[in-house]
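# Notes for the structure review
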Amino acid sequence: MSRKKKLLFINPVSRLHRDFLKTQTAKYPPLAFAILAALTPDNWEVELLDENFGDFSFRPADLVGFTAFTSSVYRAYEIAAIYREKGIPTILGGIHASMLPREAGEHVDSVLIGEAENIWKSVLKDAEKGKLKKYYHGSQANLDRLPKARFDLFHPDYVIGSIQTTRGCPFNCDFCTVTPFNGSKYRMRPVEDVLDEIESLPQDKFYIIDDNLIGYSKQSAEHAKAIFRGMIERKINKKWWSQSSMNFADDEEVIRLAADSGCQIIFLGIESEQEEGLESTNKKLNSRMGVDKYAEVFRRVHQAGISIIGSFIFGLDSDSEEDLRARKDYILNNDIDSYQTSILTPLPGSKTYKTFEREGRLTRTNYPFDWQYYTMQDVVIQPNKMSSETLETVMKENFKALFNKKTILRKFMKGLRLTKNAESAAWALSTNISYRNLTGAELFDEQYFTVEDLIGKLR
Ligand code: B12
Ligand code: SF4
């Protein structure tokens, strides 16, 4: 009997993300590998080397597959070089390689562009024959036929599992790469498949990674509701969080069923509290809703006992220095429990990237090394209405104002009062601590990485 071939998947972590990942709750499994492993024929033995749980050290393999965000791709290239030197074939897939396949092709033997489900088996057949092609183009997967993800591949210390219920987004906001990558059609998985997969998760907490869990139509909201109802009927009894556009609160039943099925916190793409900011990024959904309606969204979500992570972008072309401070004040003064404060970062493949490249306004272009700064916490642009240095200085002031101990505890107390749900308020607190670690724990005199550390300091 011939020996099984060894397929080694590697999840690289950018050096700049290492501190962020000190908390267990900031670590998320690379779902792509659980799907690819499920599609891999059993003449291959599959293993995962996951830098979320320690630095790379060499492991032998017949084929090495990497996934990478833009911010982690340099790390993937570094590790790939080690395998290539030994003549072991390497393949890279995921968002960055799909947007910049030519660059990726210089650092790995083979690049998979797009979704992999329809083509992965033929890639492996080519690898068996020693005839990997330089580029593979995957078509959009039919989500009715996804295999059951192989969660057993992941490190047992992941405390939050991940599942996906939909792909694609019709909105194509300028700064985002979801539409260029997953397409504008909102594709939904069969409800029973999703429920079976949730039941098979080893964790009692999970993240529904969808970009907008409830979608953009009546039909998509019904799909989400059917999943929530299913979780209740099957008594799944796990806690979860997810992402949504501001239309999450349009349908009271959506919020109620989400809460009853275990939703603790929802990430809302707010981006800006100003109409001009929304227009400058083509954030149509929020513009249509009107910024004056945001407060009502927050009220409805809290009333159901769900906390809110508000996602904001700083450094939009419409932003002046004062606007940056005003956005920080908006977060402080409104009912937003936890906040992701991204600095506008042109991601390859997005319209924003094309604009900044064309206008010569990218300040970190020593690629691929500089991709490590495309974290959304570093300034990589020449903003429209101020210098890069001013953007950086004001953002440091903003980070300090938003993530100091007093503010995050005040937000926690307020969240507790608004949601009347201690678990969801604690989830928001833990999220703020993770973002504090990401935005730069070094900005603060007191170091703590988890809720327990913080409580320890308070005692
Ligand atoms: C879940 C998620 C996260 C999780 C991370 C989970 C993980 N894998 O480690 C968390 C919350 C931690 C996260 C963090 C960030 N994220 Co994020 N995230 C996502 C999200 C919503 C889903 C990704 C996912 O798992 N999809 C499901 C799987 C099945 O799809 P997939 O990974 O694309 O894999 C398919 C193909 O790409 C391919 N494939 C993928 N890998 C490989 C490997 C091989 C060998 C092969 C053959 C094929 C293959 O096969 C799969 C099946 O078709 C995406 C948006 C999206 N819809 O993709 C954003 C997204 C990936 N994130 C994004 C960003 C910007 C970030 C942050 C920088 C945000 C921030 N401010 O901190 C950080 C960076 C973290 C880091 N490590 O560097 C951007 C990335 C853009 C870019 N060019 O890098 C995205 C695309 C969203 C966007 N706005 O455009 N994120
Ligand atoms: S930001 Fe959200 S709404 Fe806009 S294109 Fe990306 S996923 Fe769609």
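A quick note: this is a predicted structure, and the numbers were derived from the prediction, not measured.

Each helix and strand counted, the protein chain has 18 helices and 14 strands in total. What you see for the protein chain is a C-alpha radius of gyration of 22 Å, in line with the 23 Å of a compact globule of 459 residues. Over its C-alpha atoms, taken along the principal directions, the protein chain stretches across nearly 65 × 55 × 45 Å. Burial statistics for the protein chain: of 459 residues in total, 49% are counted as buried.

For ligand 1, the set of nearby residues contains 37 residues, the closest of which are Ala32, Gly65, Thr67, Gly93 and Ala116. Where the shell around ligand 1 is concerned, the elements lending two or more residues are helix 1 (31-39), strand 3 (63-67), helix 2 (70-85), strand 4 (90-93), helix 3 (95-99) and helix 6 (178-182). When residues in the shell around ligand 1 are grouped by element, the largest group, 4 residues, is from helix 1. Looking at side-chain class alone, the shell around ligand 1 contains 19 nonpolar, 15 polar and 3 charged residues. If you count residues domain by domain, the shell around ligand 1 takes at least three from each of domain 1 (5-137) and domain 2 (160-247).

Domain annotation for the protein chain reports domain 1 (5-137), domain 2 (160-247) and domain 3 (262-344 + 383-459). The straight-line distance from the C-alpha centre of domain 1 to that of domain 2 is 25 Å. The interface of domain 1 with domain 2 comprises 7 residues on the first partner and 8 residues on the second.

Moving on: the environment of Thr345. Checked against the element boundaries, Thr345 lands in the loop between strand 14 (338-343) and helix 14 (351-358). For the pair formed by Thr345 and Tyr374, sequence separation is 29 residues and the distance between their alpha carbons is 6.4 Å. In this structure Thr345 touches Tyr374, Met376 and Val380, once residues within four positions along its chain are discounted.

With that out of the way, let us pick up the sheet that holds strand 1 (residues 5-11). Taken together, 6 strands build an open sheet; the order of strands is 2-1-3-4-5-6 and the sheet is parallel. Each edge of the sheet is formed by a strand with only one pairing partner; in this case those strands are strand 2 (44-50) and strand 6 (135-137). Averaged over all neighbouring strand pairs, the angle between strand axes comes to 20°, with direction disregarded. Summarising the sheet, strand 1 and strand 2 pair through 7 bridges and their orientation is parallel.

Let us now look at the site of ligand 2. Neighbouring residues of ligand 2: Cys169, Phe171, Asn172, Cys173, Cys176, Val178, Thr179, Asp211, Asn212, Ser245 and Gly269. Residue composition of the shell around ligand 2, grouped by class: 5 nonpolar, 5 polar and 1 charged.

Looking now at the packing of helix 16 (residues 405-419) against helix 17 (residues 422-440). Interaxial distance between helix 16 and helix 17 falls to 8 Å at its minimum, and their mutual angle equals 155°. Classified by the angle their axes make, helix 16 and helix 17 are roughly antiparallel. For helix 16 against helix 17, the interelement crossing comes out right-handed. Note on element contacts: helix 17 touches helix 16 through Ala422, Ser424, Ala425, Ala428, Leu429 and Asn432, opposite Ile408, Lys411, Phe412, Gly415, Leu416 and Thr419. A class-by-class count of the residues in the contact of helix 16 with helix 17 yields 7 nonpolar, 4 polar and 1 charged.

With omega at 5°, the peptide bond leading from Tyr367 into Pro368 counts as cis. Even without a glycine there, the phi angle at Lys235 is positive, about 50°.

Cut-off values and rules
Residues numbered from 1 in each chain as written. Chains lettered and ligands numbered in written order. Predicted model: local features only at pLDDT ≥ 70, side-chain atom pairs only at ≥ 80, totals over all residues. Helix = DSSP H or I, 4+ residues; strand = E, 2+ residues; numbered from the N terminus. Rg over C-alpha atoms; globule rule 2.2 N^0.38 Å. Buried ≥ 20, exposed ≤ 12 C-beta atoms within 10 Å, placed from the backbone. Near = placed C-beta within 6 Å. Nonpolar A, V, L, I, M, F, W, Y, C, P; charged D, E, K, R; others polar. Domains from an automatic or database assignment. Contact = placed C-beta atoms within 7 Å. Pairing = 2+ DSSP bridges. Axes fitted to C-alpha atoms, helices over the stretch in contact; angles between N-to-C directions. Parallel < 35°, antiparallel > 145°, perpendicular 65-115°, else oblique. Left-handed = near helix turned anticlockwise from the far one by under 90°.

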